[in-house]
Amino acid sequence: MYLTHIPSSSLRLTGADRLDFLQGQMTAHLKAALTPGRVPALFLSVRGQIEFFAQVYKRPNDLYLHLAAGQATALEQRFKKYIIFDQVEVQNVSSVLSTLHLWGEPFPEVAGKLAYALEGAETQITGVGEMTLLISKMNRTGQAGLEVHVLNKHLEKLLNLLQLEEKPYTEVQNARVWAGIPDPLEDGFVGDLPQECGLEYAVSYKKGCYIGQEIMARLEARGHSRHRLVLLEGHKLEGYALPSHFDLEREGKKVGKTGLSVGNVVLARLRKELEDGSSLEVGGSSAVVKELLAQSAL
């Protein structure tokens, strides 16, 4: 099993109205989650376009939002624009917490060290000595791993306890792309509709009002979006790489855009009428649309 430090930022929400407030901001049904529990969620514009993606943890005394590095401050500013009479306090805790992703081989022994019950709930709060850990099963690489949140003051102690080989974040990103798992920030899907870039799993159509809900409901009713998430494959040549975040063309017309490239493979947002096997032009080269056999959720 491997260990990877995940570049992160985070917010903590407290106050009597925290649950109602956040429920009205995000796409996922937080009130339906267990306590402790986790839901992947999007924060949309009024036009239904993605602004932020977060893993939202529901704990007994607060709500914890885990975001990509550098995202917490902007989301905090958004929240404060909407807090009027709500009893909600927002705290940026990016500087006091670290996040590790444990992935690779099966992990019963590692779970035991973390006091994490593999047959228990997906998200658990455990105590190991003086450490309090927030742990959740999560798929970042195409197979289930463990996401571990720990206070920075306990990080070294946790690393000494685990004694795992460390892998760079780029290797997690490589595995993610090959597994067909979209990441809004890394793939450049911020500003797009969730249904058009493989992120509809983070949208609940059964909850109450939230920002962007009208557009989501309209798309659900019509069952129509213009793009879909696909995997593209380029030349299998040593040293060759498809370009990241680059326009895709077919017969001179723009038909989509690539996400993060990992060599000759890249996720892309592509016009739906282009079928699997279609050949496209990208950055002066060519790529073929491959079927996504399974799209897993972060």
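What comes next is a walk through the structure. Here the residue numbering is sequential within each chain, running from 1 through the sequence in written order. Note on the predicted model: pLDDT of at least 70 is required for a residue's local features to be given, and 80 or more for side-chain atom pairs to be given and counted; whole-chain, interface and lining totals, by contrast, use all residues. Where side-chain values are given, they derive from all heavy atoms of the structure, hydrogens and water being excluded.

### Observations regarding the sheet that holds strand E12 (residues 227-233)
Whether parallel or antiparallel, the strands of a sheet pair through hydrogen bonds between backbone atoms.
Point 1. Being paired, for any two strands, means DSSP has found at least two bridges between them. Under the scheme used here, helices are H or I runs from DSSP no shorter than 4 residues and strands are E runs no shorter than 2 residues, and both carry numbers assigned from the N terminus. With antiparallel pairing, the six strands of this closed barrel are ordered in space as E12-E15-E14-E13-E16-E17. Pairwise comparison of adjacent strand axes, ignoring direction, gives a mean angle of 45° for this sheet.
Point 2. Sheet analysis places strand E13 (residues 247-250) next to strand E16 (residues 279-282), joined by two bridges and oriented antiparallel. If you follow Leu-248 over to E16, its bridge partner there is Val-282.
Point 3. The contact criterion used is simple: two residues touch if any of their non-hydrogen atoms lie within 4.5 Å. Interaxial angles span 0 to 180 degrees and are taken between N-to-C directions of axes, which are lines fitted to C-alpha atoms, for helices over the stretch in contact. Lying over the sheet, helix H5 (residues 169-179) contacts E12, strand E14 (253-261) and strand E15 (265-271), oriented at roughly 45° with respect to E15.

### Describing the pairing of strand E1 (residues 2-5)
Point 1. Strand direction decides the pairing type here: E1 and strand E11 (residues 165-166), joined by two bridges, are parallel. Looking at the pairing, Tyr-2 lines up with Glu-165 of E11.
Point 2. Bridge count for E1 against strand E7 (residues 97-103) is four bridges, and the pairing is antiparallel. Directly across from Tyr-2, in E7, lies its bridge partner Trp-103.

### Focus on the environment of Ala-121
Point 1. Among the structural elements, Ala-121 can be located in the loop between helix H3 (108-113) and strand E8 (123-128).
Point 2. Owing to a relative accessible area of 36%, Ala-121 belongs among the partly exposed residues under this scheme.
Point 3. With 126 residues separating them in the primary sequence, Ala-121 and Asp-247 have C-alpha atoms 42 Å apart. Residue burial is assigned from relative accessible area. The probe radius is 1.4 Å, only protein chains are included, and a residue is buried under 20% of its type maximum, exposed over 50%, and partly exposed in between.

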